[in-house]
Structures are given as C-alpha cells and as structure tokens.
Amino acid sequence: MNTPGPTLLLRDVSKHFGAVAALRDGRLTLEPGSIHALVGENGAGKSTLIKIVAGVIQRDAGVFELEGRPVGFKTTAESKAAGIAVIYQEPTLFPDLSVTENVFMGRQPVGRLGRIDRAGMRSQVIELLDRLGVSIDPDRPAQGLSIADQQIIEIAKAISLDAKAVLMDEPTAALSGVEVDRLFAVARGLRDEGRALAFISHRFDEVFALCDTITVMRDGSYISTQPIAGTSAPEIVRLMVGRDVKELFPKVEAPIGQTRLKVEGLNSPGVFADIDFEVKAGEIVALAGLVGAGRSEVARAIFGVDPYTTGQVLVDGRPLTPGSPKAAIKAGIALVPEDRRQQGLVMEETIATNVTDVIRPKLTRGSLITRRRENAAAGVWAEALEVKCAALDAVAGTLSGGNQQKVVLAKWLASQPKILIIDEPTRGIDVGTKSEVHRRMSELAGQGIAILMISSELPEVLGMADRVLVMREGRLTAEFPRAQATPDAVMFAATHAKQEAA
Amino acid sequence: MSQVYPDYGRPLWRRLLLTREMAIVALLIIVTLASCAGVDYFADKMTLYNLLRDMMATLMIALPMCLVMITGDIDVSVGSMVGLTCSLLGLLYSKGVPFGLAMVIVLLVGAAGGFMNGWLVTRIGLPSLAVTIGTMALFRGIAVGLLGTTSVTQFPKAWTDLTKLEIAGTGVPITTLLFLALLAGFAYLLHFTSFGRGIYAIGLNKEAAAFSGVDTARTRIILFVLAGTVSGLGGVYWTLLRGTARGDIGDGLELQVIAAVVLGGVSVFGGVGAIYGVVAGVLLIGVLAAALRLMGVTAEVINIITGGLLIGSVVLAAALKWIRERRATALATAASGSTEAVDQATASAPGTDRTTDFGGQPPQPGDPSLSPGTASPLAEELLSSAGEPSPPNGD
C-alpha cells in the first residue's frame, strides 16, 4: 500500500486482424487517483486497446497487468469480475427494466429461497446515485433516460462492482454542456476515491479540463505519454497527425466545371443546422469532422433517406424532391453509404444482384427483367473495378471488405451518376485497395463527376480534396481550399467551436 | 489485365437441381408416384379432382403469401378475410345486389382490408404479425356479425357450377385455369420484374433496399393488398363451391397456407424462396393428406404427419445453413485473413442474425436454382459449393 504501482499497465500490446495490424505496440499506464486521456485519430488503435482491456478481444502479444499481476481476459465478464469497467459512447441498458434492475442485472442479491431482494437492491441504488450526486428515480425504466443519465447508470454499475479502473470511450460525444460537467464531477469524485480512470475523447478542451496525463496514439502505435500540464493542444495535434500524407494519394488535378450539387440552408433539428455548400463538376469536396458531427446525416438527407425540415437541395439548379432516394437516383446522385454491411450491400445476395440493384429499372424490357441482362450489366462494372471473385454469383458476404466496397462502388457507378457522395470510402479496407479506391475517385472527378467525400481520416481528406468543409456538432465550422487545408487547421476546426462565436 | 468473370460459379444442372425448392418438388413426385402405386383408388381422376378442388383456395392464397413472406412480413388475416368476403357476398346477394357486382365489391373489400394491414405495418411501423393477428380477429368478427347465425344459400347455378366443372373429362377442375393465370402473374411479378427483385432485397436488408431506391413501404403495401384481394377471391370460391355463405368459412386457413409456404422453402425471416417451391409445398400437403385419407388414416394422424414433415424440412434447412455458415466463416478467415473476415468470425458470422433462417443461403430470384439447401444425400455437394472463398481464376 505504501508504493502503489499502476492499477493497469499495458506494454507492447499488439493485435492483428489477419494481415492487418490494428495495434502494434499499444502502451497505457493507469495510475490510481489519476484521469488519463487517450487520444489519436480514428483508426489509431484506441478502441482496439480498450477492447483488449475489456476482454472483448484478446491481444496477440504484449504485457497486460492489473495491479501488478499479469492478466488476460477472454470475456467481458472476466474483466468485470477483475474490477475493470468500460463505459461506452452508447450505453447498453435494458430499456424496459428499471434503473435498479439495470444496475444489478445478472447479479441480483438474493434472499432466502432464491428470492430477489428488491428492497435491498433499491436502497443500494439510492445510496449509489446519491454518492454520484445525481437524482434519478431508481424505479423508472431505463427507456427515455438521456444518454447522460444512462452513462451515469453505467458508472453506478461500475462503482457497485467496486471497479478499480474505469475506462470511458468517448463518453461525451452525445452529451450537452451541462451533462458533460456533471459527468466530469462524477469522474473527479471517482479519481479522488483512488480509482484509475481513462478518458477517450476528441475534444481537447475536455481533455485539458479533466485529465492529468495524456497518451497519444497513431497508426496502431504508442507515440507519447506526458503530464497534461506540460503540453498544449497544438502539440498534441502535431503528435496525432504527424506524418507525410501526400504521396499516398494519387490526386490528379481535374478541370472544375459548373455547380452540380447545391445545398441551401438544410436543417434537421437536433441533427444538423444551416448547412450550405456546393460541389462543382470535377471537384472533390471533403466533409471532415469527428465521428458524430452530423456529416453522414447530411449525406443521408441530401440523398432522401432521411427527412429534413427546411432548406433545399439543388441538382444542376433544379430542386430535388426531399425524402425520396428514388428521385435522388433519378437526378443523378449516388450515395456510397458509411455502413457497407447494413446500407451498401445486401450481404446474402450475389455480386450480380447487388451491382444491378440501382440500375435494375433501366435493364427491363417492358417490365421483364432477366438474369442474363443483369449478369451482362453487372459483369461490365465488376470487371471495370476488378472485384476479386470467381463468378458473378458469388455471395457478397463472402468477399473481403475491400472487395465489398468495390461492389458498392460498381453498383453506384453503374448508375452513371453526376454527383457521387461517398461516405468513409476506405473504412475497414486494406492499404492496397485503399489507394485503388482513391485512384478511382480521382479518375471519376476527371470525368466531370462532382464528388462529396465524407471522411474521418485526415490524410485522406487532405490528400484527396480540392476543398475541405469541416463540420462540428451539426454545423459547418470552416472551409479550406486545398492549399490552406493543413492537418492542424482542420483538426482545430473539427474540435473547437468557431472563434467568432467564442 | 482486366478479367472477364463467368456469370455462374456452378454448372447449370447443379444450380437447377440442388435447391430446397427442388427437394420439395422431388418429394412431391416421390409421394405422388408411391401413392399411385401403393394406395388403392389414388390413381384416379376423382382423387385429382377432389384434391385440386379442396386445395384451390390454399393454392391461390399461397401465391401472394409467398411474396409477403419473402419481404419478411406475414399475413395471418387471410383466413378471416376469406370468411368476411364470403359472408359479405352472401349478404349482398340476399339483399338483391346482382352477383357479378357483389363479387366485385367483395374483391374491393379484400383489397381494402389488405391495404389496412399494409398501411398499419408500414406507416405506423407495427410488426405485421401483431397487425394481422388484430385484423384476423376483426375480420372474423365482422364476418360472423354480418350474417349472424343465418346462412345464405341459393346462389346462381351458373356461378356455382363454375367451381364444379372439370376440363373435358381430365379430372382437373376448370378453376385450375384461374389459378394458373394467377400463378403466371405472381411468378412473373416475383421472378421477372424489378419489383420482384425489390421484394427479395427488402426481405434481406430493408435499409440497403431503401438506399438502392426501392420504395420499401409501397412495395409492402402492394403485397398486402394483393394478399387481401386474393383472399377475397378465395372467399368467393368457397361460397360458390359450398353454395352457402357463412361467417366461419376459412377458419384456420391462414395456418394451412403459411405451413405450405414455409414447407415450399420460404423463410419466415424473409429474403428466401421461390414461387414454384410454394406450389409444390401446397400440393405436397394436399397429396399426402389425400393418400393418407384413402389409406384410412384419421385426420389427427394426418395433421401429425404434416406437422412432422414441416418441422423436419425446416430443421434440416436450418442445420444445413448452420454447417455451411460455419464452413464459410472458417474458410474466409483462413483464406483472406482480412479485418472484415476476422470481424465476422469474432463478432458474428455473416448473417448470424438470421441463423434460424429456414431457407438456404441467398435468394436467386430469376434463377431460383442457385439457392442450395435440400435433402441430406446432397448435403456434401451443397457444402462444397457454398462458401468458396472465390479467388480469381488465374487465366
């Protein structure tokens, strides 16, 4: 007890998914009574590290110690039992159960005859919530609680388990200012009780306000750990981004034509507000920002999958019917969505069926459609994009991520769009296919297609875009022409409120 | 450099024969031949006539039900709609409405009932099972209420005879022609139109279908309307066949229809199935029941056998699918080793959310032959053709 070592220690931890290294040398040391910030770009390996600690996945190699004892969790139950609590951005409560039942889910105290001790549970929860300084009715169902309250309940759960280490993965992403303050108060309380906390966030103001130590990760590797007092936001940004990005991206200058897509005053309450921008023929416009900034939602609204309350979308000067993907497709818009598995492809269907999903109405003769015509049309695009497969009737779900993305691209390019909206074009695909996708995008821009690219990968944004728009919390906060789009500037705009507003 | 891909990974005969639907067709043929050989009086025109006559409403309603179930919805109100249209037809006719007009009205009522189901399901967003259980009670209540304890008889003979005529001494009822017309229509709609492809896409992944420009709500409403309308037709058929209109007609018919559709290879989770399998499924139940009845087997035992067959087919399909998925996941993980593949292996196998799926793997609408899943002698073949990692051919 005299010289307490670190609560949690990870060193040289690696994790590979097949040939892809998600984590090379993960390092994290959580001291008792400390709040430790873990920062890095998307894909830097933070979440992989957290998942290893939580027992969701297992490390391939490296040291993992809890209070000086080597551990390795095969399940989340093991990590919980050992005293580790992980709070996620989206808490996972049972909506129909009461707050009390949620806190004690799976380990209800029982009295005689195995009867659940409800009164005991209830009084414990009241005491817990009291300690956290929040007033939540222990008997109300979890459904309808704000995300913030749900997180508090997760934290209550963690405390009731007497967690030694509490890891919070972007807990503030969905919270308002007041809620963030309350969460921070709770976090400081836990720190003062001698627990070790880790805090993942993209918001530097929060990191600097709450944490005492900071670890930066980049590309699956540990970069640095230092006391927060001796550093600054610009320095952290440099450490996070620090690499040369240009040569990876075969950006070809394309002649820029007239405005193809114009978005005017688009609003959707609580999701995004006052979105104004335009994309010209041959231009690649990147929509940068943090996950949850509302970028995909804007794309979905433009395409008509989601509604918007005010504003309009103009294609070649003509207003587009809102709320109808069909109309958007007809007007020449293509949307390669963020979630390939859920939105981009029908995983159980064949390549041929998937590729022709959008253009099918054009392949009919009268109303008749034949497999032969579908195969002919799909073959052209599958071949053009070099989808790796044995035959066109291979099921999409059996392909690798990169190949699936090519099928999605084939599907949308087959519709010969004038405007291509592409959401996270290279998420979860290997490096080789990545640069191929980038080359294609460049080619398409060269053919006069207007491209709106949503990307959370800064190198991709800076490498590909003619113009960078930055969104933060549902609003456009900055616009940079290619020459002025530096990593620091974009990151700053994505994490800070507009200067004028402050 | 650029490579030309073949359209199919398997030869035609395999794609045509190794399907769950084909297994049902084969079973139908075997049962029919065995019954002809081994059951007295089975190989008789009268048997065929009775069988088709009794199964006609089931056959007709199974067609739209097949489409509804491929989108992942279900309509359990069809039996009650048969009852409702039956008693409404009787009521209208007894009040002096010309029979032709009364028939048109009840078909419209069927369509309206279907629209109500579809509207509640898609616009209000309620599960189709809940909605149609509700409308099942509602329609039945109205059906019984319309006529009370009375029944209407004395329909025009010209019409009632239509259900009893056979085609030139073949033993095939003339109403079969109506069924064949419906069959052609529904087969075309499901397998040879863009609309039909949308039906499968909705059943497999509503979100992806919507992102591809499929109007999912409209499609589902249309299918419910078709189910209601054909149920109305079923009501007219029963009325004419029995020559009476009563409110309890068609009681339990929905379960018979759904059982046959599932037996025919349609997954209750959607996205899987073909219309010929459904026809074979209905006929298989009909033939089996007819043969057993001729053998003197009681109705309860017939129900037990039919139920056993249904469960057996579903369990077999699920087991095959499970094995195939395990294999596919293992292969994908071993072969590609990509992040995605491991994600699948660690988090969930592709489509584990549908593991209890009855049907085979992907639906192959226009070419139903592609979907595997069939009897056990073919299991090895199916397994070997399922989850190949698909490296490009080296040529």
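Since the structure is predicted, the reported quantities are computational estimates derived from the model, not experimental observations.

Turning our attention to the overall build of chain B. Regarding its fold elements, chain B presents 16 helices and 0 strands. Taking all 395 residues of chain B together, 53% fall into the buried category. Sequence-distant contacts in chain B: of pairs separated by 6 or more residues, those separated by 24 or more amount to 78%.

Now for the pairing of strand E3 (residues 34–39) of chain A. Residue and element names in this part refer to chain A. The buried fraction of E3 is high, at 5 of 6 residues. In this structure, E3 lies alongside strand E8 (residues 196–200), joined through 5 bridges in parallel fashion. Bridging across to E8, His-36 finds its partner in Ala-198. With 4 bridges connecting them, E3 and strand E9 (residues 213–218) associate as parallel partners. Each residue of the ladder has a partner; that of Leu-38, found in E9, is Thr-215.

Residues and elements named next belong to chain A. One can find Glu-193 in the loop between helix H6 (177–192) and E8. Judged by the 11 C-beta atoms lying within 10 Å of it, Glu-193 is exposed. The spacing of Glu-193 and Pro-32 is 161 residues in sequence and 8.8 Å in space, taken between C-alpha atoms.

All names here are of chain B. By the assigned domains, chain B splits into domain 1 (8–39 + 301–387) and domain 2 (41–263). Taken together, the 12 residues of domain 1 in the interface contact 11 residues of domain 2. When residues of the side of domain 1 that touches domain 2 are traced back to their parent elements, those giving at least two are helix H2 (20–38) and helix H14 (299–335). Here the element with the most residues in the side of domain 1 that touches domain 2 is H14; it accounts for 4 residues. Residues of the side of domain 1 that touches domain 2, tallied by class, amount to 9 nonpolar, 3 polar and no charged.

Quick look at the domain arrangement of chain A now. On domain assignment, one finds that chain A holds domain 1 (8–93 + 145–241), domain 2 (244–332 + 417–502) and domain 3 (339–416). Computed from C-alpha coordinates alone, the two centres of domain 1 of chain A and domain 3 of chain A are separated by 41 Å.

Within a regular beta strand, the side chains point alternately toward one face of the sheet and then the other, so they alternate between its two faces. Residue and element names in this part refer to chain A. Burial along strand E16 (residues 333–336) is two-sided: Ile-333 and Leu-335 facing one way and Ala-334 and Val-336 facing the other are all buried. Pairing analysis gives 4 bridges linking E16 to strand E17 (residues 419–423), with the strands arranged parallel. Pairing of Val-336 across the sheet is with Ile-422, part of E17.

It is worth spelling out helix H9 (residues 194–204) of chain B at this point. Of all 11 residues that make up H9 of chain B, 10 are buried, and the element is covered over most of its length. Buried within H9 of chain B we find Phe-195, Gly-196, Arg-197, Gly-198, Ile-199, Tyr-200, Ala-201, Ile-202, Gly-203 and Leu-204 of chain B. Considering only its buried residues, H9 of chain B is in contact with helix H12 (351–355) and helix H13 (360–363) of chain A together with helix H3 (45–70), helix H8 (175–191), helix H10 (206–211) and helix H11 (216–242) of chain B.

Before going further, it helps to examine the sheet that holds E16 of chain A. Residues and elements named next belong to chain A. One open sheet holds the 6 strands; their spatial order is E16-E17-E18-E13-E19-E20, and the pairing between them is mixed. Among the strands making up the open sheet, the edge pair consists of E16 and strand E20 (475–481). On average, adjacent strands in this sheet sit at an angle of 20° to one another, irrespective of strand direction. Across the face of the sheet, helix H9 (residues 295–303) comes into contact with strand E13 (284–289), E16, E17, strand E18 (450–454) and strand E19 (467–472) while running at roughly 145° to E17.

This part takes up the packing of helix H12 (residues 253–263) of chain B against helix H13 (residues 275–294) of chain B. Residues and elements named next belong to chain B. Axis separation between H12 and H13 bottoms out at 7 Å; the angle between their running directions is 120°. Here H12 is positioned oblique relative to H13, judged by the angle of their axes. In this structure, H12 meets H13 at a crossing whose hand is right-handed. Counting all contacts with H12, which are made through Ala-259, Ala-260, Val-261 and Leu-263, the residues of H13 involved are Val-278, Gly-281, Val-282, Leu-284 and Ile-285. Classifying every residue of the contact of H12 with H13 gives 8 nonpolar, 1 polar and no charged.

All names here are of chain A. Of note, the phi angle at Asp-162 is positive, near 55°, even though the residue is not glycine. Topologically, Asp-162 is positioned in the loop between helix H5 (147–160) and strand E7 (165–169). Judged by C-beta crowding, with 9 C-beta atoms within 10 Å, Asp-162 ranks as exposed. Backbone geometry at Glu-473 places phi at a positive 50°, although glycine is not the residue there. Within the element layout of this structure, Glu-473 appears in the loop between E19 and E20.

Rules used throughout
- Residues numbered from 1 in each chain as written.
- Chains lettered and ligands numbered in written order.
- Predicted model: local features only at pLDDT ≥ 70, side-chain atom pairs only at ≥ 80, totals over all residues.
- Helix = DSSP H or I, 4+ residues; strand = E, 2+ residues; numbered from the N terminus.
- Buried ≥ 20, exposed ≤ 12 C-beta atoms within 10 Å, placed from the backbone.
- Contact = placed C-beta atoms within 7 Å.
- Pairing = 2+ DSSP bridges.
- Domains from an automatic or database assignment.
- Nonpolar A, V, L, I, M, F, W, Y, C, P; charged D, E, K, R; others polar.
- Axes fitted to C-alpha atoms, helices over the stretch in contact; angles between N-to-C directions.
- Parallel < 35°, antiparallel > 145°, perpendicular 65-115°, else oblique.
- Left-handed = near helix turned anticlockwise from the far one by under 90°.

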